[in-house]
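# Inside the fold
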Amino acid sequence: MDYIKKLSRFIVPYKRYGYLNIFFNVLYALFSTLAMVSLMPMINVLFGETEKLTIKPVYKGIKELKSFGEDYLNYFVTTTNESDGPQQTLLYMIILIISLFLLKNIFNYLALFFITFLRNGVLKDLRDSIYNKVLTLPISYYSEKKKGDIIARISGDVNEVKNSLLAVLELIVKEPLTIVFAIVTMFTISMKLTIFVFLFIPVAGLIISRIGKSLKKKSNRVQTEQGVFLSTLEETLSGLKVIKGFNSEKRFNDKFQASTNRFYNFSNVLMNRQNLASPASEFLGIATIAALLWYGGSMVLIENSLSGGAFITYMALAYQILTPAKAISKASYKVKAGNAAADRVLEIIETPSLLEDKPNAKVKTDFTSDIKLNNISFKYENDLVLKNFTLQVPKGKSVALVGQSGSGKSTIANLVTRFYDVNEGSITIDGENIKDITKHSLRGLMGLVTQDSILFNDSIKNNLLLGKEDATDEEIIEALNIANAWEFVKDLPNGIDTNIGDSGGKLSGGQQQRLSIARAVLKNPPIMILDEATSALDTESERLVQDALENMMKNRTSIVIAHRLSTIQSADQIVVMQKGEIAEQGTHAELIAKNGVYKKLVDMQSFE
Ligand SMILES: Nc1ncnc2c1ncn2[C@@H]1O[C@H](COP(=O)(O)OP(=O)(O)OP(=O)(O)O)[C@@H](O)[C@H]1O
Ligand SMILES: [Mg+2]
């Protein structure tokens, strides 16, 4: 029940399928009992045990329903026997049995038919929610979590939940009802025998629940391990070049196998636990039947208090209880496994987003005056990466950030785009704190070129369309021109429709960079944030990228993070950073004249 409550918001949209399933399961349970009961008159006909009744019985209300039914059947058998012979009667009985069994199975199918929509619907919605969450969670979340783990949850765990949903309904509706109907009928056949049977049930139940204990923990371990090896796979796929280049195949292979080995061991324990369920309950059931045979047999043989047909039907019903009892124990394992999986799925879905927009956040559509970083301090983990950092970027100006690796340049880009929030101080745009603006509108004002070109396995056109969804081919070509990329795109076999491979792998580093610049250009935002790649480009492509940057910075407000100082000589202001603080700032000429850190950096680069 707790489990259902946990998932309720995903189940509710499909609840009518749940009700339909329950409805047909009630019919199923009823008809499976009726089908068994219909064996009784057949056996009685076969062995001539039917009570002779030649007067048509009259209906005397619901209380007498059982005896009325029996009498009517006996009357029918007696008269048909007399008029058409026993073989004909047998045929009628067979038709009755077949029809009841047919109905039972039709209802079973219908119940499964409807629940399918609920199960697959919940599966789909869970996947959608995780994916949606993956998109909304802050970047910082992924420094902690492994990607493979998320993949495992969105594929494996969600499936586990789907499977358990059928089990849950079997557990709370179908099988218990089947048992209840069977037991009620058993009581009507023989009170004494049923009380005897009941002495065995608690014992069996106790043993079965013992087996089920600790299953949740075990299944959780299996799923977690799945996340581990999927993470390794994911990293391997994206790092193949390095793995091969460093001859590290064995190292990764060992890591992967260590995980699959643990998975192997955990799953063996888990599955064998599950495997035990069915044989154990079957044997317990048969033991009950054996006791029944002994006790009931004496009722038939010695006491003569039970007819042969009734006893056989009774046995069939008792066996009929076994199947659901088995199914219940199996289903309860599935539910336990599903419960563990649901916890893992919900953990992601319910992770609070630390960077949620304020409820009254403003939508900002234009940029009029400046961006300011007011005395900000920031740390990713324990150490301050930026300390009391202050910077103003007026509209229409370009500000370049330079400095050693690790001095906090990319961090500034992360903060201005609000991938992270500052710890102290504030960032304002036109005097408004960016925390008071919706993230969507804030980022709408900015074009972002990241340090590593992030491209998708799609055509050049589709990669660029991220910048502007409804761009025409002409606009795309113009953006490619500005970014100095048209020069190589035009020679590609399919032009802008050429697929560029995984992460743009079919292109050179410089080409990838120019494409990601073109993407930002196509967006044509008022503010550009550009993190120049460190990867060494040859002089030719360096010049091409540099031209692209200069084209892009024209008439725009831009924050450019540069490693190649030649790129930013024309910037309106150059900020030299050192360990998260400003060491110097000014124009190129001023800083050269100052003969400080910047001069040293420039000298070093020209020396190269
Ligand atoms: N996601 C992160 N989690 C924890 N620490 C981080 C994270 N990203 C960066 N850092 C740390 O923050 C500091 C500044 O990193 P940043 O990426 O801003 O440097 P950078 O100036 O861009 O360097 P580079 O020139 O090499 O790109 C570094 O010391 C780095 O170790
Ligand atoms: Mg950087």
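Preceding block: the structure.
What counts, and where the lines are drawn
Residues numbered from 1 in each chain as written. Chains lettered and ligands numbered in written order. Predicted model: local features only at pLDDT ≥ 70, side-chain atom pairs only at ≥ 80, totals over all residues. Helix = DSSP H or I, 4+ residues; strand = E, 2+ residues; numbered from the N terminus. Rg over C-alpha atoms; globule rule 2.2 N^0.38 Å. Buried ≥ 20, exposed ≤ 12 C-beta atoms within 10 Å, placed from the backbone. Core = buried A, V, L, I, M, F, W, Y, C linked by C-beta atoms within 7 Å. Near = placed C-beta within 6 Å. Nonpolar A, V, L, I, M, F, W, Y, C, P; charged D, E, K, R; others polar. Axes fitted to C-alpha atoms, helices over the stretch in contact; angles between N-to-C directions. Parallel < 35°, antiparallel > 145°, perpendicular 65-115°, else oblique. Contact = placed C-beta atoms within 7 Å. Pairing = 2+ DSSP bridges. Arc of directions from axis to C-beta. Left-handed = near helix turned anticlockwise from the far one by under 90°.

## Some details on the overall build of the protein chain
Within the protein chain one finds 22 helices and 10 strands. Against the 2.2 N^0.38 benchmark of 25 Å for 608 residues, the protein chain shows a C-alpha radius of gyration of 37 Å, more extended than a compact globule. The principal-axis extent of the C-alpha atoms belonging to the protein chain is close to 125 × 50 × 45 Å. The buried share among the 608 residues of the protein chain stands at 36%.

## What to know about the nonpolar core
In terms of nonpolar packing, the biggest core is built from 68 residues, with Ala400, Ala483, Ala518 and Val560 touching the most fellow members. Core analysis: the next-biggest nonpolar cluster, separate from the first, contains 55 residues, Ala111, Ile115, Leu118 and Leu292 among them.

## As for unusual backbone geometry
Of note in this structure, Asp430 is not a glycine but carries a positive phi near 55 degrees. Residue placement: Asp430 occurs in the loop between strand 4 (424-429) and strand 5 (432-433). The backbone of Asn484 sits at a positive phi, close to 65 degrees, despite the residue not being glycine. Topologically, Asn484 is positioned in the loop between helix 17 (473-482) and helix 18 (486-489). Residue class for Asn484 comes out buried when judged on the 25 C-beta atoms lying within 10 Å of it.

## Here's the deal with the environment of Leu465
Turning to its location among the elements, Leu465 is positioned in helix 16 (residues 460-465). Between the C-alpha atoms of Leu465 and Ser143, which are 322 residues apart in sequence, the distance is 28 Å.

## Quick word on the site of ligand 1
Every residue close to ligand 1 is listed here: Ser143, Tyr380, Glu381, Val385, Ser405, Gly406, Ser407, Gly408, Lys409, Ser410, Thr411 and Gln451. Sort the elements by how many residues they give to the shell around ligand 1 and helix 14 (residues 409-416) lands first, with 3 residues. Of the residues belonging to the shell around ligand 1, the class tally is 2 nonpolar, 8 polar and 2 charged.

## Section: the packing of helix 1 (residues 2-11) against helix 5 (residues 86-136)
What describes two packed helices is the angle between their axes and the distance between those same axes. At their nearest, the axes of helix 1 and helix 5 sit 10 Å apart, and the two run at 85 degrees to each other. Between helix 1 and helix 5, the angle falls in the class roughly perpendicular. On the side of helix 1, the interface is formed by Leu7, Phe10 and Ile11, while helix 5 contributes Leu118, Val122, Asp125 and Leu126. Class assignment for the residues of the contact of helix 1 with helix 5 results in 6 nonpolar, no polar and 1 charged.

## Let's talk about the sheet that holds strand 7 (residues 527-531)
What the 6 strands build is an open sheet, ordered 6-7-8-3-9-10; its pairing is mixed. Unpaired on one side and paired on the other, strand 6 (446-449) and strand 10 (581-586) mark the two borders of the sheet. Pairs of neighbouring strands in the sheet enclose a mean axial angle of 15 degrees, with direction left out of account. As defined by bridge partners, strand 9 (residues 573-578) adjoins strand 10 across 5 bridges and the pair is classed as antiparallel. Each residue of the ladder has a partner; that of Val575, found in strand 10, is Gln585. Helix 14 rests against strand 3 (398-403), strand 7, strand 8 (557-561) and strand 9 of the sheet, and its axis sits at about 145 degrees to strand 8.

## A word on the pairing of strand 9
The two faces of a sheet get side chains in turn, since along a regular strand they alternate between them. Counting buried positions along strand 9 gives 5 out of 6 residues, so the element sits mostly inside the fold. Two successive antiparallel strands, strand 9 and strand 10, enclose a turn made up of 2 residues, where Lys579 displays a positive phi of approximately 45 degrees.

## Examining helix 1
Within helix 1, the full set of buried residues consists of Leu7, Phe10 and Ile11. Along the long axis of helix 1, the arc covered by the buried residues comes to 75 degrees, so they all point the same way. Exposed positions of helix 1 whose direction lies more than 90 degrees from the buried face are Asp2, Lys5, Ser8 and Arg9.

## Details of the sheet that holds strand 4
Judged by pairing direction, the sheet is antiparallel, and its 4 strands sit side by side in the order 2-1-4-5 without closing on themselves. If you trace the sheet from one side to the other, it starts and ends with strand 2 (384-394) and strand 5, each paired once. In terms of strand pairing, strand 1 (residues 370-379) meets strand 4 through 5 bridges, oriented antiparallel. Of the residues in strand 4, the one forming a bridge with Ile371 is Ile429.

## Quick look at the packing of helix 3 (residues 39-46) against helix 5
Two elements in contact, helix 3 and helix 5, have axes whose closest approach is 9 Å; the angle formed by their N-to-C orientations is 165 degrees. On the basis of the axis angle, helix 3 is roughly antiparallel to helix 5. For the pair helix 3 and helix 5, the crossing hand works out as left-handed. Every residue of helix 5 that contacts helix 3 at Leu39, Pro41, Met42, Val45 and Leu46 is listed here: Pro86, Thr89, Leu90, Met93 and Ile97. The residue makeup of the contact of helix 3 with helix 5, split by class, is 9 nonpolar, 1 polar and no charged.

## Brief notes about the environment of Leu166
The residue Leu166 is located in helix 7 (residues 147-189) in this model. Spatially, the C-alpha atoms of Leu166 and Val335 are 9.0 Å apart, while their sequence positions differ by 169 residues. Once you skip the residues sitting within four places of it in the chain, Leu166 turns out to touch Ile115 and Arg119.

## Digging into the pairing of strand 6
Taking every second residue as pointing to the same face, both faces of strand 6 are buried, with Met446 and Leu448 on one and Gly447 and Val449 on the other. Relative to strand 7, strand 6 runs parallel, the two sharing 4 bridges. Across the sheet, Leu448 pairs through a bridge with Ile529, a residue of strand 7.

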